[in-house]
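If you want the building blocks of each chain, they are given just below.
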Amino acid sequence: MNTVDVSNRSRIRVAVVFGGQSEEHGISCVTAGSVLRALDPERYDVVPIGITQDGRWVLVEADAATLRIGDDGALPAITDGAAVALAQRGQHTEVSVSAPGHPPKVLGEVDVVFPVLHGPWGEDGTIQGLLEMSGVRYVGSGVLASAVGMDKHYMKVVFAGAGLPILPHV
């Protein structure tokens, strides 16, 4: 993908996408909390986008403190928020939000999506494929590398094809 010229802005705008429909929803939320804590707010303007367990994309509070394992061991979960959509507008990706009873509101452009989804519909190439088809820049491995890395059998087939030694396996 093309690089982003952010010279006319003070900060790079990053959409962190997390949660998701897999059994690893809570761990993805914890990972997002770590990413939110690590992103320097002087360099990055973060737009936190959670995906609920039923598949809705929602805008969530950028409070990394709530995205952690609770004292009782409970994992966080994304359950509600204003609906979010990413839309490609020429060379730019815009985020729009719509809440019940309110007209849609455009939050503006994002420079890159940082997906931190775990399990199926996240690290298996599906979110990468969605972003590629939409022309949206993202962080991490592409569709094929993600899909192969998630499927251990095909990962071993690819490794063997590259001449890497593979241990016996079932």
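Cut-off values and rules
Every residue gets a number counted from 1 within its own chain, in the order that chain's sequence is written. Confidence filtering applies because this is a predicted model: local features only for residues at pLDDT of at least 70, side-chain atom pairs given and counted only at 80 or more, and all residues used for totals across whole chains, interfaces and linings. With hydrogens and water excluded, all non-hydrogen atoms of the structure serve as input to the side-chain values. Think of a salt bridge as a Lys or Arg side-chain nitrogen and an Asp or Glu carboxyl oxygen that are within 4 Å of each other. The helix and strand labels rest on DSSP assignments: H or I over at least four residues marks a helix, E over at least two residues marks a strand, and numbering proceeds from the N terminus. A 1.4 Å probe rolled over the protein chains alone gives each residue an accessible area, and that area as a share of the maximum for its type sets the label: buried under 20%, exposed over 50%, partly exposed in between. Counting of polar contacts relies on pairs of N or O atoms within 3.5 Å, with two restrictions inside protein: one atom must be capable of donating a hydrogen and the other of accepting it, and residues adjacent in sequence are counted only when both atoms are side-chain atoms. In this scheme, strands are said to pair when DSSP sees at least two bridges between them. For helices, the fitted axis covers only the stretch in contact; all axes are lines through C-alpha atoms, and the angles between them, taken along N-to-C directions, range from 0 to 180 degrees. Any two residues whose heavy atoms approach within 4.5 Å are treated as being in contact. A pocket here means an open set of points on a 1 Å grid, computed over the protein atoms alone, that has protein on both sides within 12 Å along at least five of seven lines. A cavity is instead a set of points where a 1.4 Å probe fits but cannot get out; residues with an atom within 4 Å of a point line either one. Grid points are joined across faces, edges and corners, and a volume is the space filled by probe spheres set on the points. The nonpolar class holds Ala, Val, Leu, Ile, Met, Phe, Trp, Tyr, Cys and Pro. Asp, Glu, Lys and Arg form the charged class, and all remaining residues, Gly among them, are polar.

A short note on the pattern of salt bridges
According to the stated counting rule, one finds five salt bridges in the structure shown. A salt bridge links D45 to R11, with the shortest nitrogen-to-oxygen separation between them at 3.8 Å. Residue D45 is located in strand β2 (residues 44-51), and its partner R11 is located in the segment before β1 (12-19); the two are separated by 34 residues in the primary sequence. Across the pair R56 and D54 runs a salt bridge, and its minimum N-O distance is 3.2 Å. By relative accessible area, R56 is classed as partly exposed at 36%. Look at D54 and you get exposed, because its relative accessible area is 52%. Residues participating in the shared-partner salt-bridge network are R11, R13 and D45.

Some details on helix α4 (residues 152-161)
N-capping of α4 is provided by D151, with a side-chain oxygen placed 3.2 Å from the backbone N of H153. Of the residues trailing α4, G163 is marked for its positive phi of about 85°.

Observations concerning the sheet that holds β1
Reading across from one edge, β6-β5-β4-β3-β2-β1-β7 is the order of the seven strands in this open sheet, with mixed pairing throughout. Single-partner strands in this sheet number two, and they are β6 (105-110) and β7 (112-115). Adjacent strand axes in the sheet meet at a mean angle of 35°, parallel and antiparallel pairs treated alike. Pairing geometry for β2 and strand β3 (residues 57-59), over three bridges, is antiparallel. What sits directly across from I49, in β3, is L59. Sitting on the sheet, helix α1 (residues 25-38) touches β1, β2 and β7, and the angle it makes with β1 is about 155°.

Let's talk about the side chain of T52
Turning to its location among the elements, T52 is positioned in the loop between β2 and β3. Residue classification places T52 among the buried residues on the basis of a relative accessible area of 1%.

Digging into unusual backbone geometry
The phi dihedral of W121 falls on the positive side, at around 65°, and the residue is not glycine. The exposed category is assigned to W121, whose relative accessible area is 51%.

Overview of the layout of surface pockets
When its volume is computed, the largest pocket comes out at roughly 160 Å³. Counted by class, the lining of the largest pocket contains six nonpolar, two polar and two charged residues.

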